[in-house]
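Structure assessment
Given next are the chains, with one letter for each unit.
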Amino acid sequence: MADDLLPLPPPSVSRSPFLDRLGIPEAVARLEQAPAVPGMLTIEERAMLTRVVATTWRGEGAIIDGGSFLGSSLVAEAQGLQANPAGGAADWSRFPGGKPIHGYERGIHPGRRGPRERQRKVYDGFELDLGDDFVSALERATEPYRDAIALHIGDLNDQHWDGSPIEIAFIDVCKTARLNAHVSREFLTALVPGASTLIHQDFFFDRLPWIRVTMGHLADHFRWEGQVNSSSVYTNVSAVPADVASYDPFLHGTFDDCLRLHDAVPFPGIGRGTELRLALSRGLLMAHKGRRSDALDYLGSLAVEYSDVLTDPATGPDARRRLDRCVGQVTSGVLYRKLGWDGVDDTVDGRPTVLPLLGETAAGTTALREVDLAAASARVRERPTVPGQTSVTEQALLEELAAKTWRGEGAIVDVGSFLGASLVAEAEGLRANPVFSAAEHRVPGLPIHGFDRGFLPAPPGPAAKRERTFGDVTIQLGDSFLPRLTRTVAPYGDLVKLHVGDLEKQGWDGSPIELAFVDAAPSATVNARIAASFFPALIAGSSTLVVRDVYSDRLPWVNVTVGFLAGHLRWQGQVRMSAVYGSTTAVPADVATYDPFTEATLDECLRYHDASGGEVETIGREWQLLLALSRVRLVAAKGDPDGAVDLLRDTADRYVDLLADGSVHLPRIERVKQAISRPRPAG
């Protein structure tokens, strides 16, 4: 689908033996004399589709049309089928549903992406309001060919191919990284080696870099045959194994891996304007993978490298607007905070998505794509307020994880429940979880376990504060808050079991843990006890661990421990002070009982600390500052106060933009300065 917000550049068809055999110019001439089917495909692409089907389809596999929109691609394919002698000779009963062409379309136009976007769009004379359902228009356009076409209406992410051979696949639907990965898993393994043609319509486009990363990953299985405007044409040369197709290199590959795959395949013969679009895609890829400054430097260099394209009257307007758009989006952070970006828009399936989350408060990978913080935060605010230290957005995160990721394979453990806000969020999420409501889980007893010692520490001295206030609740230090916690969770007695007492004396029985929230590591000793007791019970490949205080300036042992376990935990995102990790491999007991903060060297601890925060450049600078201050405390705690003073000075210089007069961060700097002059014992 072309970008209707910008004027189209001149048609661009690279010459190749494959494309030359199709006779595209002659097909274009014929289409120019026929009524146009509304859509966003160029006439050259429609001609190419007709000729690919007419000249290469042998009846050995189905024709897939992913992203049919108003039907222009389906009509082109059906007309090609009519012109192909094999069309009448093939046994159509071998195809799913007895039809050789299968069109996939959601059927609803995306809503407006911003107030400046036009509400009404016009496609070849067909007017459509954003947000409208256009299925009836698609059905009318394809009605003359319905004996050959099966329409599949709905979100493609929810639809599956039955594995039947596919001979031609036209893909114009990979507008999100999630859809791109789904297409690879569902369709590419069914291509017929040596006989199938794959056409990626959005390949020579500046905004969807995951397509190029994926095709670089699959380079051994495809031969590039040429370009028709924004479409890239391939022949499948070898079968795509299921494990290869199921790996998402854009999501799971490193920054360097993704750049290498993006640039893996040369495209001889493409024009300079097309080269610029690929270069813009490369710049956006850098931003998606968390390298904002590198992306801006690279995008800035393109103005010089492609000055000929930018000043050419034929290509300049389109090229300049695309370059300016890329720079603007990376600069503003529209793309920058979307690590593992899950959509061209800020919505998935018509609703706000976790990516981007809420301004500077959160960042996430597509592992959190089902989390809707905005909606969950609204639900939290509608409930009676539970006082405490867990923010509304962190409560929303826990509710969404319990509702959407818990599969009944293990318990939900809440370490440091305090006044119960996190327990309420988890319980509300569990009640909304269809697995739980269907009683399909395998967790014996109550599914949620809350751990807390039940009181705040007594004042350290006669001059210290003797009480603390949380919302409208004031608690005397040293007094038990167990009665309030018990009252808070009473409505969830069918879900929650409380474990009250000193955490250093409590353990876990080893039962599987599927979701763990940890907010109780005021000392390195308690932190080590938590890791040893609970982390070995995480389920490899399916558990989620949420650790509060990773993005804090006070508890560096938390960062050191989760960084030490980086080989077993994959960072998935940040919500205010909390980091979200997915369990990738089991944490052995001997690994969990090792306390890196106490036993590792300073250099090792710094390395672990730096591994704890995920893709640090993707989080807001406020949270980057807190990580940096935690690092200062770590240096002091490990016995290098002079090094800590120097590091604090460097940190203040690096974040001077956050430290203006009146800044809320100035007291943090002063607090850390006082702490490193008299570092407290680690335990």
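Going by the structure above, here's the rest.
The structure reproduced in this document is the subject of the present report. (Residues numbered from 1 in each chain as written. Predicted model: local features only at pLDDT ≥ 70, side-chain atom pairs only at ≥ 80, totals over all residues. Heavy atoms only, no water.)

**A short note on the overall build of the chain**
To keep it simple, the criterion reads: Secondary structure is summarised from DSSP: a helix means a run of H or I of at least four residues, a strand means a run of E of at least two, and numbering begins at the N terminus for each. Accessible area is worked out with a 1.4 Å probe on protein chains only. A residue is then buried under 20% of its type maximum, exposed over 50%, and partly exposed in between. Only heavy atoms enter the contact rule, under which two residues are in contact if any of them lie within 4.5 Å. Per-residue and other accessible areas follow the Shrake-Rupley method at a 1.4 Å probe size, with only the shown protein chains counted as cover for residues.
Check the secondary structure of the chain and you find 28 helices and 21 strands. Within the chain, the proportion of its 683 residues that are buried is 57%. Taking the intrachain contacts of the chain between residues at least 6 apart in sequence as the baseline, contacts between residues at least 24 apart amount to 74%. Accessible surface, the chain: about 27,500 Å² in total, of which carbon and sulfur atoms supply 52%.

**Brief notes about the packing of aromatic side chains**
To describe a pair of aromatic rings, you give the distance between the ring centres and the angle between the ring planes. Quick note on the threshold: The criterion for an aromatic pair is that two Phe, Tyr or Trp rings (for Trp, the six-membered ring) have centres within 6.5 Å, with stacked assigned to planes under 30 degrees apart, edge-to-face to planes over 60 apart and tilted to the rest.
A full pass over the atoms with the stated rule returns 22 aromatic pairs. For the ring pair Phe69 and Tyr123, a centre distance of 5.0 Å and an interplane angle of 90 degrees mean the geometry is edge-to-face. Remark: Tyr123 occurs in strand E3 (residues 120-123) and Phe69 occurs in the loop between strand E1 (62-66) and helix H4 (72-83); sequence separation between them is 54 residues. Given a relative accessible area of 3%, Tyr123 falls into the buried group. Ring centres of Phe564 and Tyr594 lie 5.1 Å apart, and the angle between their planes is 45 degrees; this geometry places the pair in the tilted category. With a gap of 30 residues between them, Phe564 in helix H22 (residues 556-564) and Tyr594 in the loop between helix H23 (589-592) and helix H24 (596-599) connect regions that are remote in the sequence.

**Things to note about the side chain of Glu186**
Put simply, the test is: The charge count treats Lys and Arg as positive and Asp and Glu as negative. His and the chain ends do not count. Just to be clear on terms, a salt bridge is a Lys or Arg side-chain nitrogen sitting within 4 Å of an Asp or Glu carboxyl oxygen. By the criterion applied in these results, polar contacts are pairs of N or O atoms within 3.5 Å in which, for protein atoms, one can donate a hydrogen and the other can accept it, and in which residues neighboring in sequence qualify only through two side-chain atoms.
Counting through the fold element by element, Glu186 comes out in helix H7 (residues 177-187). Here Glu186 sits buried without a salt bridge, and the closest side chain of opposite charge, Arg185, lies 5.3 Å off (N-O distance). Engagement of the side chain of Glu186 in a polar contact is seen with the backbone nitrogen of Trp161, the distance being 3.0 Å. Setting aside residues no more than four positions away along its own chain, Glu186 makes contact with Gln159, His160 and Trp161.

**Describing the sheet that holds strand E7 (residues 197-200)**
Condition: We call two strands paired when DSSP finds no fewer than two bridges between them. For helices, the fitted axis covers only the stretch in contact; all axes are lines through C-alpha atoms, and the angles between them, taken along N-to-C directions, range from 0 to 180 degrees.
Taken in spatial order, the seven strands of this open sheet run E5-E2-E1-E6-E7-E9-E8, and their pairing is mixed. Of all the strands in the sheet, just strand E5 (149-153) and strand E8 (222-228) have a single pairing partner and so form its edges. Sheet twist, expressed as the mean angle between neighbouring strand axes with direction ignored, is 15 degrees. Where strand E6 (residues 166-171) meets E7, four bridges bridge the pair, whose relative direction is parallel.

**Observations regarding the sheet that holds strand E20 (residues 569-575)**
The strand order E12-E20-E21-E19-E18-E13-E14-E17 describes an open sheet built from eight strands, whose pairing is mixed. For this open sheet the edge positions go to strand E12 (362-364) and strand E17 (496-500), each flanked by a neighbour on one side alone. Taken over all neighbouring pairs, the strand axes of this sheet differ in orientation by 20 degrees on average, direction set aside. Where strand E13 (residues 411-415) and strand E18 (residues 513-518) come together, five bridges link them in parallel fashion. Across the sheet, Ile412 pairs through a bridge with Leu515, a residue of E18. Lying over the sheet, helix H17 (residues 392-404) contacts E13, E18, strand E19 (544-547), E20 and strand E21 (578-583), oriented at roughly 170 degrees with respect to E19.

**So, the packing of helix H16 (residues 373-382) against H17**
Definition in use: Each angle receives one of four descriptions, namely roughly parallel if under 35 degrees, roughly antiparallel if over 145, roughly perpendicular if within 65 to 115, and oblique otherwise. Each residue gets one label: Ala, Val, Leu, Ile, Met, Phe, Trp, Tyr, Cys and Pro are nonpolar, Asp, Glu, Lys and Arg are charged, and the others, such as Gly, are polar.
Two elements in contact, H16 and H17, have axes separated by 8 Å at closest approach and are oriented at 110 degrees. The pairing of H16 with H17 is recorded here as roughly perpendicular in orientation. On the side of H16, the interface is formed by Leu373, Ala376, Ser377, Arg379, Val380 and Arg381, while H17 contributes Val392, Thr393, Gln395, Ala396, Leu397, Glu399 and Glu400. Its residues assigned to classes, the contact of H16 with H17 comprises six nonpolar, three polar and four charged.

**Some thoughts on the pattern of salt bridges**
Overall, the coordinates contain 28 salt bridges when judged by the stated rule. In this structure, the salt-bridge partner of Arg322 is Asp206, at a minimum N-O distance of 2.8 Å. With Arg322 in helix H15 (residues 316-332) and Asp206 in the loop between E7 and helix H8 (209-217), this residue pair connects regions lying 116 residues apart in the sequence. Accessibility assignment for this pair places Arg322 and Asp206 in one class, buried. Across the pair Arg260 and Asp257 runs a salt bridge, and its minimum N-O distance is 3.6 Å. Of the two residues, Arg260 and Asp257 are both situated in helix H11 (residues 255-262); the distance of three residues between them amounts to about one turn of the helix. A residue is classified by how much of its surface remains accessible, and Arg260, at 52% relative accessible area, is exposed. Within this structure, Asp206, Arg277, Asp318, Arg322 and Arg325 form a network of salt bridges that share partners.

**Regarding helix H20 (residues 482-489)**
Convention followed: Arc, as used here, means the arc of the directions from the helix axis to the C-beta atoms.
The complete set of buried residues in H20 reads Leu485, Thr488 and Val489. Across the axial projection of H20, the buried residues extend over an arc of 85 degrees, all falling on one side. Contact partners of the buried residues in H20: helix H18 (421-431) and E17.

**Some points on the environment of His221**
Along the polypeptide, His221 turns up in the loop between H8 and E8. Distance in space between the C-alpha atoms of His221 and Tyr234 is 9.7 Å, their sequence separation being 13 residues. The residues contacting His221, other than those within four sequence positions of it, are Thr235, Asn236, Val237, Ser238, Ala239, Val240, Pro241 and Val244. Of note is the side chain of His221, whose polar atom sits 3.1 Å from the backbone oxygen of Ala239.

Purely geometric stuff here, so don't read any function into it on its own.
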